[in-house]
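Given next are the chains, with one letter for each unit.
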Amino acid sequence: MSREARLLFILLWPICDDYGRTRAASRMLASTLFPYDDDAKDLIDGWLDELEREGCILRYEVNGSTYLEITNWLIHQKIDKPSKPQFPESSGSSREGSRESRECSRLLLGREGKGEDGKGEDAPPAKRGCRLPSDWQPTPGELRWATDARPDIDAKAEVERFRDYWVAQAGQKGVKLDWSATWRNWIRNARGKPGATASPDDRSPASRRKLA
């Protein structure tokens, strides 16, 4: 993700209620979290898209108002005496995700969030993979990297091939911990255009040895 999206993610935490929810109106978020950055109101929707694409937040609408929820909030935040919710809960699959987060929290942190026996240091949260969203798009930085790293391929065409391939994968094979790394590996192994020649730095080590 871009640096700005990562910063936005951190800034969201203090304005969420005890259940990881807050309002998601972009103008409100821009004025609250980036009060001195005039361009934030025009860019924040893109940052929110990045966060949602990476599974960091879930945006939803209730009675015409938009909200967001930090996914896996209860895994990473321990609320001893949570107050009443300030914002409505998301519906449908998001409730399933919230319940899954609570179950994961109990499994990862143990009883009362204190290891396996309720005592000692907090157990570190385990990383969990996810499937590629059906509307996945690389960030501008990821697309620019692909174009620079492999000038012999059509990076935009590879986006569709990458998305179609991984969305179609069934079961655990379609689950990855780091989709950005998966995208980079895909580009490194992509077949070049007929007749195109990659720069020496882009060739495989075996190819460079042959040239030497």
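Residues numbered from 1 in each chain as written. Predicted model: local features only at pLDDT ≥ 70, side-chain atom pairs only at ≥ 80, totals over all residues. Heavy atoms only, no water.

(A) View of helix H3 (residues 40–53). For H3, spanning 14 residues, the distance from its first C-alpha to its last is 19 Å, which sits close to the expected 20 Å at 1.5 Å a residue. Buried within H3 we find Ala40, Ile44, Trp47, Leu48, Glu50, Leu51 and Arg53. As for H3, its buried residues are in contact with helix H1 (3–12), helix H2 (26–33), strand E2 (57–62) and strand E3 (65–70). (Helix = DSSP H or I, 4+ residues; strand = E, 2+ residues; numbered from the N terminus. Expected span 1.5 Å × (residues − 1). Buried < 20%, exposed > 50% of the residue type's maximum accessible area, 1.4 Å probe, protein only. Contact = heavy atoms within 4.5 Å.)

(B) Local environment of the packing of helix H6 (residues 140–149) against helix H7 (residues 155–168). Relative orientation of the contacting elements H6 and H7 amounts to 120°, with a least axis distance of 9 Å. By the angle between their axes, H6 is oblique relative to H7. Crossing of H6 against H7: the hand is right-handed. Along its contact with H6, which presents Leu143, Ala146 and Thr147, the element H7 presents Ala155, Lys156 and Val159. (Axes fitted to C-alpha atoms, helices over the stretch in contact; angles between N-to-C directions. Parallel < 35°, antiparallel > 145°, perpendicular 65-115°, else oblique. Left-handed = near helix turned anticlockwise from the far one by under 90°.)

(C) A look at the sheet that holds E2. Taken together, the 3 strands give an open sheet; going across it, the order is E1-E3-E2, and neighbouring strands pair in antiparallel fashion. Taken across any chain shown, the strands that pair with only one partner, and hence form the sheet edges, are strand E1 (21–23) and E2. For this sheet the average axis-to-axis angle between neighbouring strands, irrespective of direction, equals 30°. Judged from the 3 bridges that link them, E1 and E3 form a sheet pairing that is antiparallel. Looking at the pairing, Thr22 lines up with Leu68 of E3. (Pairing = 2+ DSSP bridges.)

(D) Structural context of the nonpolar core. In terms of nonpolar packing, the biggest core is built from 20 residues, with Leu8, Leu12, Ile44, Leu51, Ile57, Leu68 and Ile70 touching the most fellow members. For this core, the secondary structure elements donating two or more residues are H1, H2, H3 and E3. By residue number, the principal contributor to this core is H3, which donates 5 residues. Setting aside residues no more than four positions away along its own chain, Leu68 makes contact with Leu12, Gly20, Arg21, Thr22, Arg23, Ala24, Leu29, Leu48, Ile57, Leu58, Arg59 and Tyr60. By size, the runner-up hydrophobic cluster in this structure holds 12 residues, among which are Ala146, Trp166, Trp183 and Ile187. (Core = buried A, V, L, I, M, F, W, Y, C linked by side-chain atoms within 4.5 Å.)

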